[in-house]
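Structural characterization, general
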Amino acid sequence: MSTWRLQMKNWMDGEKEKLRGKTLRQKADYILTYYWLWILGIFCAVAIPCYMVRQAVFSVKDFWFYAVYANTMGNGGNGSPLWEDFVSYAGFDTSLKKTQMNDSFWFDPSVSGGTNNSYFQAFAALVDAGDLDVVVMGREGLKGIGSSGRLLDLRDERCASIYGRYADRIVFCVPYDTEYSEEPVPVGIDVSDSLLVTKYELYEENAVLGIGAYTKRLDSVELFLDFILNGDGLWENG
Amino acid sequence: MKSAEANATRNKVLTQVVLIIMAFIMLVPFAWMILTALKTNQESISVNPFYILPHGGWHWENFATVWKSYNFVILYKNTLLMIFFRVVCACLTATMAGYAFGRLKFPFKKFLFTLVLVQMMVPSQIFIIPQYLMVSKMGMLNTTFGLVWPGIVTAFGTYLLKTGYEGLPMDLEEAANIDGCSVPGRFLHIMMPLTRSSMVSLGIFTAVFAFKDLMWPMIVCTNANTTTLSAGLAKMQGQYGSEYPTMMAAATLAVLPMVIIYVIFQKQFVEGIATSGGKL
């Protein structure tokens, strides 16, 4: 018998000896007093990996589409009429991938100190992680984000079709990084006459849509633009 | 003699008056929040300084409005679950790491502890993107586990507990060692109970920071059923942005758990701040 097994046997025998003659309650008290951390540790060592594997395998992780509506008083979050109409319009199966819309962000990059808050940090994390597809907000605010380089340059060949289709709605900004460009860069699409304003009332005046700099779902973005700019007619026609 | 006594009394009275004034100043925002929650919107935006109290009666229905609009039971549940698991995880991991760094000898100890300290020296925002990606790829978005994830291990807690363990006399552990107690036994039955005050400090700090945390819940929990009070309030800001009484009623409901926790653990809060020298 190996030394380790011998030690374990001796330890088990010793503990059995200590428990002998005790009532059930006394045994439970003894075990909880001397072994509570071990019990907790073993429970965590089993339960946490099981939970993580279950989540990793069975949960819905990927996104069909991720939008942020900043500085809005309206309701455009998950489960809102806008969310439901868009999911239905796009034909997204939400049991396979998620469609995320978030209307809780409050920041204004167009004013000094307007981004010194948790909202902007959370927004920046979503953009930099590559999860954010579009952000909608007021014209000056969006130009501010565009200047910082967090929005896709619409001249990028990946969004050539979007740039072509909505050329008359393009909003430009001057980037802070003059090495990138000293000329105004197209970063936004004016959606002031879209369903976001006319039907869902997320914004009262101007609304401009920007595309996340690291998004990989430009087809979903195009679909969303179709929906908010042309969707009402298509919707009514079935 | 009489003059010295009179001076002492005068100083005492003066100190108490100053403290009362300070306490009053500290309470004004809370009083304003609660009083605004009981006003009409018109009263709340009035610039008349005599409109401190509601004129047209106490509008308790503001609380009913937010309670009905938002499922506060779920917000409370999510927030308390997040606080509970963050406190448990932080205390558990920090006490073990603190003991190892404070009491045990192992290779690269100083280097590894430096790595822990480095974590405290960089802004926490730097970790947000990797943490978000981890949680996202594990499928933990919109779960309690996702909320707890960044708080499972804490560099500050490890440092705090290490200092706590280092402050304990060596004799205790040596005596236990002579009696044949193993390292886990010494940690569990002798050293850990003696660092209770440091653990309480850590628990309080963790609970308060978890309660105040807005950025992380906003990123990982976007569903109404999984979000916390702080992120829920942010959402309400959009819905009730111009309705100050409703907003203040929501804020009053949101601070309730922390007020209750503070009332219950008042002594530990004060001791915790004194032990760690930190501020909440």
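Calculation rules
Residues numbered from 1 in each chain as written. Chains lettered and ligands numbered in written order. Predicted model: local features only at pLDDT ≥ 70, side-chain atom pairs only at ≥ 80, totals over all residues. Helix = DSSP H or I, 4+ residues; strand = E, 2+ residues; numbered from the N terminus. Rg over C-alpha atoms; globule rule 2.2 N^0.38 Å. Buried ≥ 20, exposed ≤ 12 C-beta atoms within 10 Å, placed from the backbone. Contact = placed C-beta atoms within 7 Å. Nonpolar A, V, L, I, M, F, W, Y, C, P; charged D, E, K, R; others polar. Pairing = 2+ DSSP bridges. Axes fitted to C-alpha atoms, helices over the stretch in contact; angles between N-to-C directions. Core = buried A, V, L, I, M, F, W, Y, C linked by C-beta atoms within 7 Å. Parallel < 35°, antiparallel > 145°, perpendicular 65-115°, else oblique. Left-handed = near helix turned anticlockwise from the far one by under 90°.

Moving on, we get to the overall build of chain B. Within chain B, the regular secondary structure consists of 15 helices and 0 strands. Relative to the 2.2 N^0.38 estimate, which gives 19 Å for 280 residues, the radius of gyration of chain B is 24 Å and therefore markedly larger than a compact globule would have. In terms of overall dimensions, chain B has C-alpha extents of about 75 × 75 × 30 Å along its principal axes. For chain B, the residues scored as buried account for 35% of the 280 residues in total. In chain B, 74% of the contacts between residues at least 6 apart in sequence involve partners at least 24 apart.

To continue, consider the overall build of chain A. In terms of helices and strands, chain A carries 8 helices and 6 strands. Helices and strands appear in chain A in the N-to-C order α-α-β-α-β-α-β-α-α-β-β-α-β-α. In summary, chain A has a C-alpha radius of gyration of 28 Å against a globular reference of 18 Å for 238 residues, an excess of more than 25%. For chain A, the spread of C-alpha atoms along the three principal axes comes to 90 × 50 × 35 Å. For chain A, with 238 residues in total, the buried portion stands at 35%. Long-range contacts, defined as pairs at least 24 residues apart, comprise 69% of the intrachain contacts of chain A with a sequence gap of at least 6.

Once that is clear, we can look at the interface of chain A and chain B. Between chain A and chain B, the contact holds 25 residues from the first and 25 residues from the second. Listed by contribution, the elements that provide at least two residues to the side of chain A that touches chain B are helix 2 (24-58), strand 2 (98-105) and helix 4 (118-128) of chain A. No other element matches the 7 residues that helix 4 of chain A contributes to the side of chain A that touches chain B. Classifying every residue of the side of chain A that touches chain B by side-chain character gives 11 nonpolar, 10 polar and 4 charged.

Next up on the list: the environment of Cys89 of chain B. Residue and element names in this part refer to chain B. By the element assignment, Cys89 lies in helix 4 (residues 72-103). Residues Cys89 and Ala64, spaced 25 residues apart in sequence, show a C-alpha to C-alpha distance of 36 Å. For Cys89, the contacting residues outside a window of four places in its chain are Val148, Gly151 and Ile152.

Glancing now at unusual backbone geometry. Residue and element names in this part refer to chain A. One non-glycine residue, Asn71, lies in positive phi territory at about 55 degrees. Along the polypeptide, Asn71 turns up in the loop between strand 1 (63-70) and helix 3 (81-90). If you check the backbone angles, Glu201 has positive phi at about 55 degrees while not being a glycine. If you trace the backbone, Glu201 turns up in the loop between helix 7 (195-198) and strand 6 (208-211).

Bringing the pairing of strand 4 (residues 170-173) of chain A into the picture now. All names here are of chain A. By the alternation rule, side chains of strand 4 split into Val171 and Cys173, which are all buried, and Ile170 and Phe172, of which none is buried. Strand direction decides the pairing type here: strand 4 and strand 5 (residues 185-190), joined by 4 bridges, are antiparallel. Bridging from a neighbouring strand, Cys173 pairs with Val185 of strand 5.

The next thing to look at is the sheet that holds strand 2 of chain A. All names here are of chain A. The 6 strands are arranged 2-1-3-6-5-4 in an open sheet whose pairing can be described as mixed. Whereas interior strands pair on both sides, the edge strands pair on one side only; in this sheet they are strand 2 and strand 4. Going from strand to strand, the sheet's axes swing by 30 degrees on average, the running direction of each strand aside. Here strand 5 pairs with strand 6 via 3 bridges, running antiparallel. What sits directly across from Gly188, in strand 6, is Gly210. Across the face of the sheet, helix 5 (residues 139-147) comes into contact with strand 1, strand 3 (134-137), strand 4, strand 5 and strand 6 while running at roughly 55 degrees to strand 4.

Following the sequence through the fold, Asn230 of chain A ends up in helix 8 (residues 218-236). Linking Asn230 of chain A and Ala125 of chain A, residues 105 residues apart in sequence, is a C-alpha distance of 31 Å.

Now for the nonpolar core. Membership of the largest hydrophobic core comes to 107 residues, with the highest contact counts inside it found for Ala67, Val68, Val136, Leu196 and Phe224 of chain A together with Ile219 and Ala250 of chain B. Examining the composition of this core, we find that 11 residues originate from one element, helix 4 of chain B, more than from any other.

Now for the packing of helix 8 (residues 155-166) of chain B against helix 11 (residues 196-212) of chain B. Residue and element names in this part refer to chain B. At a closest axis distance of 9 Å, the pairing of helix 8 and helix 11 adopts a crossing angle of 165 degrees. It follows from the interaxial angle that helix 8 and helix 11 lie roughly antiparallel. For the pair helix 8 and helix 11, the crossing hand works out as right-handed. Counting all contacts with helix 8, which are made through Gly157, Leu160, Leu161 and Gly164, the residues of helix 11 involved are Ser198, Ser201 and Leu202. Split by residue class, the contact of helix 8 with helix 11 holds 3 nonpolar, 4 polar and no charged.

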